[in-house]
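Residue-level structure breakdown
Residue strings, one per chain:
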Amino acid sequence: MSKEFLGEFEELVLTMAGILQEEAYGNAIVSEIKQRVGRDVNLSAVHVTLYRLEDKGFVKSKMGGATNQRGGRRKRIFTVTNAGLAMLRNMKEARMDLWKLIPQLKMVIV
Amino acid sequence: MKENRLSLRFLRWFCPPALYEGIEGDLLEQFECDLKSSDHSEWSDDYKLRRAKRRLAWNVLKFFRLGIFLRNRFSNQLINTMMWGNYMKVAARNIQKRKFYSFINAFGLSIGLAFCMLITLYIQDEKEFDQFHANKNQIYRIEEKSFDTWRHDEADPYRKSAWIQTGLAPTLKEELPEVAAATRFNEGNRVIFRYGDKVFTESVAYVDKDFFTMFSFPLLQGSAERIFMDKLEVVITPAIATKYFGDEDPIGKTIEIDNNGKQSFTVTGIIEAPPAQSSLTYAILIPQENRNYYDRNMINWGNFGTPTFVQLRANADLTAFKTNLDKVIDKHMSAMLERWRKEATVPIPPDVKMLEYEFTVLPQIHLKKEVSWEKVSDPQYAFILGGIALLIMLIACINYISLSLTTSAARRVEVGVRKVVGAQRNQLLYQFSFESLLLAMSSLVIGFGLVLLFLPSFNEFTNKGIELTLPKALQLISIGLALTLITGLLAGSYPSWFLSRFKPALVLKGGFTSRLQAGFTKPLVVLQFALSAFLIICSVMMFRQMRFITTKDLGYNKEQILVIPTQSGWTEESDRVVEQFRTRAQQESQIVSVSGTSSSFSQGYSRYGFKVKGEQKSAYVYAADPNYISTLGIQLLEGRNFDPAIAADSDVVIVNEALVKDMKWTDPLNEYYNWREDSVGMGSRVIGVVKDYHFLSLEQNFEPMFLSMNKSSVGYLTTMLVKVGGDVSVGLERVKSIWKELYPDKPFDYTFMDQDVANQYASYKRWMSIMGLATGFAILISCLGLFGLAGINAVNRTKEIGIRKVMGADMQTIFILLNKQFIVLAVLAFAMAAPLSWWFITKWYMKDFTFQVPLSWDLFALSMGAGLLLALATVSYHAIKAALINPAETLKYE
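Thresholds, definitions, all that
- Residues numbered from 1 in each chain as written.
- Chains lettered and ligands numbered in written order.
- Predicted model: local features only at pLDDT ≥ 70, side-chain atom pairs only at ≥ 80, totals over all residues.
- Helix = DSSP H or I, 4+ residues; strand = E, 2+ residues; numbered from the N terminus.
- Buried ≥ 20, exposed ≤ 12 C-beta atoms within 10 Å, placed from the backbone.
- Pairing = 2+ DSSP bridges.
- Contact = placed C-beta atoms within 7 Å.
- Nonpolar A, V, L, I, M, F, W, Y, C, P; charged D, E, K, R; others polar.
- Core = buried A, V, L, I, M, F, W, Y, C linked by C-beta atoms within 7 Å.
- Axes fitted to C-alpha atoms, helices over the stretch in contact; angles between N-to-C directions.

**Side note on unusual backbone geometry**
Even without glycine at this site, Gln21 of chain A takes up a positive phi of about 55°. As for its position among the elements, Gln21 of chain A is in the loop between α1 (8-20) and α2 (26-36). At Lys664 of chain B, a position not held by glycine, the phi torsion is positive, near 55°. Among the residues examined, Lys664 of chain B registers 6 C-beta atoms within 10 Å and is labelled exposed.

Set out below in structure tokens:
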């Protein structure tokens, strides 16, 4: 595990997938990022990242059911695996540990 | 459907099918979202649709990235670089462990590669011929194409020749708008040079002023514009300059040139010697106007004797040029050609032109073999050389394959272990290919060394002057590298396929016999031996033909005869030289006899064509004197020799049997031979008939020939034949001192007649040497292969031999047992090679000779016997060794 690490964007996408649960597919993640972080991301970038995460074993994917929308195309739903969750947790904890080390500076108004 | 079909089709094209549906769905969803977007109510539906489409196309384009379209394509890369170090180590260990087999393989491959590289050099050299001229694509050689009334060949009735009329070059330059420059080029004319006390015979080339501007031979001194303003100028190469003037500045010096009369020439230029890849060769250039009978030849349009080159203007139209050439013929020669047509003895179809001019662009001259030229080459040679190289390469590859197959038994365990540990079949294939490549690479290095070593002798064999310059060497190495890769992979592919196929469970269980059934090796050995046998038979046949030629009784005695040019031109002076020399030589015991003739055999000839009673006849003619027949030991069948005492003998002829037959004479001594087409007299009286002798090379049959003493029609005795007795070198010294005493101002040049005659076959001899060399190497390589194979075979059967010995087999039985199969293979190979080589040798080699050594069965028997003996000797070593082993040694582990 030590070799594996996540980039910032990877982490963002993985987190979104964790938030969206059963509705985590490409487009939904794009709009979720837009909505929550206010960041315009590219659909293709999200897709590539998701596939990379899949390669690393942090998410797995399956095809959802067909609907009338999307021209009848099925969605590829991504679910965060245990490894992905552990990874997110590790990263969060590691960051929190680091955060604690920063001296809590106070704003002093003179 | 509202969405943009084109962009979706594009997506489908590059996107892996597994991902396609999900991506397309997301894209369509965004498209629909864009379409419905209510953010901008002021936008019309039409605009929204267009915007959505645009965004869709843009999004699709963004998906066109490596992460998408390379996904699942090259994911599991099997070329595992991590293993390369290991492969290297194992390969090196294997090569070390089987030193002898590695040596056989590397040796064979490197010789094959060296041959291939030499052939590459040869072909490259052929292609580069005459490429160094800046104007090479505008310079053309004019050629004659005329209806050949002498040869009567139905299939090819035309004669093609580069020797045309002397007057053509100035005429073309003057009359045709296409011609920018023109020069004539006659080389190989022997004249005498005198400067101070230095007197030598030199070969000069007669050219025109334009020569220096048309061709790119660099002028070291003098300017192309001012050279040859005067008739008495000479341009020489630096070598000639040093020969006569030493360190002095040659420009402006005068030198005396004796060419049927002495004249003083001024050196006005120094020109670099032509490179080896030049069709034009020269050492000394003088203006064309100095040729003998120049003025006469200028107006005689019936005399063809001057090679001519023209340089056309850059935008000249070749069809127009051809038409204009025809017009030149009409203008200057129509009357003459009409007369020739009427007088021709063979009917000439009216639609056939008597004479046409053709032209060949300079770089193509070298390989245009139908038009004879000094350095012309037959492209066929390149094919034959290439074929030989390929054969050797093939034999070496077969060695590699069969040896790796038979040694593979030892590597089965390795393969098994590798597979068990997780190696995939592909990885094993890579490993073994890697090994064969490694071997091939080391062979390349050795092969390149061999090229450097053999290049001088190769140049000698092929009559070339190839030098290995740095760019050429680099090019050669890259070609060699490509070749190595191909052969390494080719030779390595079957063994590695074979090796990687072993089933690990079977191999590692250990229950296999030590023998290996590689049935594929036997046909390979047969093929290899057949190739060697083919080369053996071919070279033995060539050798026999050469021996036949050199030892054949030519009908005259060519031994101990010195051929000395009289150095006095075509004048009576020459006759006097012979006479003087003869008188002086009578006092010498070493000199048997002295005779004069117009030309010695193989040094050119005269052939006359004429009509007798309306029939076209032709005959070769040699000027002779009364001593000619006795000096050469020619056999006189009927009549008598020339007699100096009889004045009428100046116009009689002695003919050969072929001429008698040609004229259908029954009583030749009562005939007259009207070879000058005399209308008053009956011609020359025939006083004798000689037995046919080979005055031409053995490529040709006996042709009609006669000897005459008629000075005005046949010519003067320009060549002296001196027969010396006893030790040749003593005789030569004596002749030389007499010459110096009589003619101190004339150079003493000489050749030996037997060497002259042998030189006619120099090219055949060269081919014999090449073939012999190739055969030697082929035999060596295949014998080494056989040796290795026999060794493995013996090792494979050690236990069997041990058991046989225990049961009471004696050495002889075991010897026969081990050698039987190789003998069968060798016989089979010979049975295959014999008809092939017979076909090849008769089709390609023997057809050039009218006088052939008969092809007899003993040739094949001999070659086969030698081959078998060689094979037997090769395999016996192992057979004897195996038969001598104490059975206790081999069986104790059982």
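**Structural notes on the pairing of strand β18 (residues 652-656) of chain B**
Residues and elements named next belong to chain B. Summarising burial for β18: 5 of the 5 residues are buried, a large majority. The two faces of β18 match: Val652, Ile654 and Asn656 on one face and Val653 and Val655 on the other face are all buried. Two strands pair when backbone bridges link them, and β18 and strand β20 (residues 684-690) are joined in this way by 5 bridges, in the parallel orientation. Across the sheet, Val655 pairs through a bridge with Val689, a residue of β20. Relative to strand β21 (residues 705-708), β18 is paired through 3 bridges, and the arrangement is antiparallel. Across the sheet, residue Val655 finds its bridge partner in β21, namely Phe706.

**Focus on the interface of chain B and chain A**
With 17 residues of chain B at the contact, the number on the chain A side is 17 residues. Contributions of two or more residues to the side of chain B that touches chain A are made by α2 (17-36), α3 (45-63) and α4 (66-69) of chain B. Residue contributions to the side of chain B that touches chain A peak at 10 residues, all from α2 of chain B. In terms of residue class, the side of chain B that touches chain A is built from 4 nonpolar, 5 polar and 8 charged.

**A short note on the nonpolar core**
Residue and element names in this part refer to chain B. In terms of nonpolar packing, the biggest core is built from 83 residues, with Ile392, Ile537 and Ala778 touching the most fellow members. Those elements giving two or more residues to this core turn out to be α6 (99-127), α12 (379-407), α14 (425-462), α17 (521-551), α24 (762-796), α26 (811-845) and α27 (857-884). Aside from chain neighbours lying at most four places away, what touches Ile392 is Ile111, Gly112, Phe115, Ala774, Phe777, Ala778 and Ile781.

**Digging into the sheet that holds strand β23 (residues 751-752) of chain B**
All names here are of chain B. Within the open sheet, the 4 strands sit side by side as β14-β22-β13-β23. Their pairing is antiparallel. The open sheet has two edge strands, β14 (591-597) and β23, and neither has a second partner. Lying over the sheet, helix α18 (residues 572-585) contacts β14 and β22 (719-724), oriented at roughly 170° with respect to β14.

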